[in-house]
Amino acid sequence: MRPSQLMTVLEREFVSAEEGHHTPVMVWGPPGVGKSQMITQIAEKHGVPVIDIRLSQMEPSDLRGIPFRVGDFVEWSIPAILPNAERHGTAGILFLDEITSAPPSVSAAAYQLILDRRLGEYRVPDGWAIFAAGNRQGDRGVTYTMPAPLANRFSHFELDVNLDDWVAWAYAHGIDERLIAFLRFRPELLFDFDPAHNPVAFPSPRSWEFAHRALHKFAGQPRLLVETLQACVGPSAGIELGAFVDNLDKLPDVDAIVRGETVPVPKETDLQYAVASALVGRAIRYRETGEAQEVYGRIIDYAGQFPDREMGVMLVSDMHRAVGQELFNVPQFSSWAKAVADVMLYDV
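Residues numbered from 1 in each chain as written. Predicted model: local features only at pLDDT ≥ 70, side-chain atom pairs only at ≥ 80, totals over all residues. Heavy atoms only, no water.

Trainee: In this structure, what is going on with the environment of L315? I would like to understand it.
Mentor: Here L315 lies in helix α16 (residues 309–323). With relative accessibility at 0%, the residue L315 sits in the buried group. In the structure, L315 is positioned 309 residues away from L6 in sequence and 25 Å away in space, judged by C-alpha atoms. When neighbours within four sequence positions are excluded, L315 is seen to be in contact with A276, L279, V280, I299, A303 and F306. (Helix = DSSP H or I, 4+ residues; strand = E, 2+ residues; numbered from the N terminus. Buried < 20%, exposed > 50% of the residue type's maximum accessible area, 1.4 Å probe, protein only. Contact = heavy atoms within 4.5 Å.)

Now the structure itself:
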């Protein structure tokens, strides 16, 4: 399932916790694709806490609590890490991360907590959703086969990598436009992990965010920059990104395009991806200004000049995801849409 779809599922499951219809969700996926980050985004959207419990680092008693004698009986102390309405709030997310890395004795202790929302006398507050995440056995992580009784306590979703969804996230979070352009140019490098070779550094949504940071920290040290990029995303991808960035000195004047001046479309495909990504970035910067409609219109005009019309469609599609429905009100949009109707890939 692509990230945007899974976010919709997680959003609905969170809301359903207060409605009494919540089903615990297990998110499967390889390392570095953003499983944990998606859970955090849901919590941030609703302004609620996330209690992140790493079952792989726990003993069974860490969940069940410690027994103590009360007269002729034994009672159990409730672990402070578990959600408590008074201390943590009436709504939140209990996130069982790395659940497939937990030994069977620990995962067995979680059975009742996940399905029945209780452990002995302890009960999970009604407004709390239960999400879990883990790697698949083929991903070369430390994983155990999920026992059938535990698996049957979740609804299961496998997270796929999707470039359009990642690009929308990247623009929203200020990821370097050069990096976005590179991955539009080399989409197969968004995630390139071969568990058979067990690489140390490899391209993934997580490691490309590291590369974004490296681009800014080492921008003035070209030789060191390439090595740091390789350290983030692997030797081959790091060299390719470094070469791509070096070639951007041939990029046309993006601000001139925004001003409505006549600027030729570059012939090189990599530069076309770069100018398209830069124009989406400019659209985002002008979104809250009185010039937004004029700037959007000039960008749409430029999109119509690309010899490969799919490139123009990609530019306008990314701009729509970044600035929203107001793009449809731009006068140039209608005529542009008619001109590319036969190759339209626009997602409305």
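Trainee: Help me understand helix α9 (residues 177–185), please; the structure alone is not making it clear to me.
Mentor: Each α-helix turn comprises 3.6 residues. Residues three or four places apart therefore point the same way. With seven of its nine residues buried, α9 lies for the most part within the structure. Here α9 has its buried residues at E177, L179, I180, A181, F182, L183 and R184. Buried residues belonging to α9 abut α8 (163–172), α10 (205–217), α12 (235–246), α14 (269–285) and α16. Two or three places before R178, at the start of α9, stands the capping residue D176, its side-chain oxygen 2.8 Å from that residue's backbone nitrogen. (Polar contact = N/O pair within 3.5 Å; in protein donor to acceptor, adjacent residues only side chain to side chain.)

Trainee: Explanation requested: the packing of helix α1 (residues 3–19) against helix α2 (residues 35–46) in the structure shown.
Mentor: Helix-helix packing: each pair is described by the crossing angle between the helix axes and the interaxial distance. Across the interface, α1 lies against α2 with an axial gap of 10 Å and an inter-helix angle of 50 degrees. As judged from the angle between their axes, α1 and α2 are oblique. Read as a crossing pair, α1 and α2 show a hand that is right-handed. Note on element contacts: α2 touches α1 through M38, I39, Q41, I42, K45 and H46, opposite P3, L6, M7, L10, E11, F14 and V15. For the contact of α1 with α2, the per-class residue count stands at nine nonpolar, two polar and two charged. (Axes fitted to C-alpha atoms, helices over the stretch in contact; angles between N-to-C directions. Parallel < 35°, antiparallel > 145°, perpendicular 65-115°, else oblique. Left-handed = near helix turned anticlockwise from the far one by under 90°. Nonpolar A, V, L, I, M, F, W, Y, C, P; charged D, E, K, R; others polar.)

Trainee: Teacher, can you tell me more about the pattern of salt bridges here?
Mentor: Should the charged atoms of two oppositely charged side chains come close, the side chains can pair. On inspection of all chains with the given rule, the structure shows 21 salt bridges. D165 serves as the salt-bridge partner of R2, at 2.6 Å between the closest nitrogen and oxygen. Placement of the pair is R2 in the segment before α1 and D165 in helix α8, with a sequence separation of 163 residues. Since its relative accessible area comes to 26%, R2 is described here as partly exposed. For the salt bridge of D318 with R321, the shortest nitrogen-to-oxygen distance reads 3.1 Å. Residue D318 and its partner R321 are located together in helix α16, separated by three residues, close to a single helical turn. Through salt bridges with shared partners, one network takes in D52, R54, D97 and E98. (Salt bridge = Lys/Arg side-chain N within 4 Å of Asp/Glu carboxyl O.)

Trainee: Help me understand the nonpolar core in this model?
Mentor: Nonpolar side chains in soluble globular proteins generally cluster together in the buried interior. Residues W166, L183, W208, L279, M319, L327 and W336 are the most contacted members of the largest nonpolar core, which totals 66 residues. At 10 residues, the largest contribution of residues to this core is made by α14. The residues touching W166, leaving out its near neighbours within four places in the chain, are I175, L179, I180, L183, L190, P205 and W208. Counting residues in hydrophobic clusters, the runner-up holds 27 residues, among them L55, V124, W128 and F154. (Core = buried A, V, L, I, M, F, W, Y, C linked by side-chain atoms within 4.5 Å.)

Trainee: What's the story with the sheet that holds strand β9 (residues 155–158) in this structure? I'm lost.
Mentor: The strands making up a sheet associate through hydrogen bonds between their backbones, and the pairing can be parallel or antiparallel. With parallel pairing, the five strands of this open sheet are ordered in space as β2-β5-β8-β1-β9. Since the sheet does not close on itself, it has two edges, and those belong to β2 (50–54) and β9, each with one partner. Between one strand axis and the next, the sheet turns by 20 degrees as a mean value, whatever way the strands run. Bridging between strand β1 (residues 25–28) and strand β8 (residues 127–134) involves four bridges; their strand directions are parallel. (Pairing = 2+ DSSP bridges.)

Trainee: Sorry if this is basic, but what is going on with the pairing of strand β5 (residues 91–97) here?
Mentor: On a regular strand, each side chain points to the face opposite its neighbour's, so the side chains alternate between the two faces of the sheet. In terms of residue burial, β5 counts as a mostly covered element, since seven of its seven residues are buried. Side chains A91, I93, F95 and D97 project from β5 onto one buried face, and the interleaved G92, L94 and L96 project onto a second face that is buried too. Across five bridges, the pairing between β2 and β5 is parallel. Its bridge partner lying in β5, V50 is registered against I93. Pairing of β5 with β8, which is carried by six bridges, proceeds in the parallel orientation. Opposite I93, over in β8, you have A129 as the bridge partner.

Trainee: Can you walk me through unusual backbone geometry in this structure?
Mentor: The backbone of E98 sits at a positive phi, close to 55 degrees, despite the residue not being glycine. With respect to the secondary-structure elements, E98 resides in the loop between β5 and α5 (104–109). Positive phi values are uncommon outside glycine, yet R117 reaches one of about 60 degrees. Residue placement: R117 occurs in the loop between α6 (111–115) and β6 (118–119). Take R117: its relative accessible area is 18%, and that puts it in the buried class.

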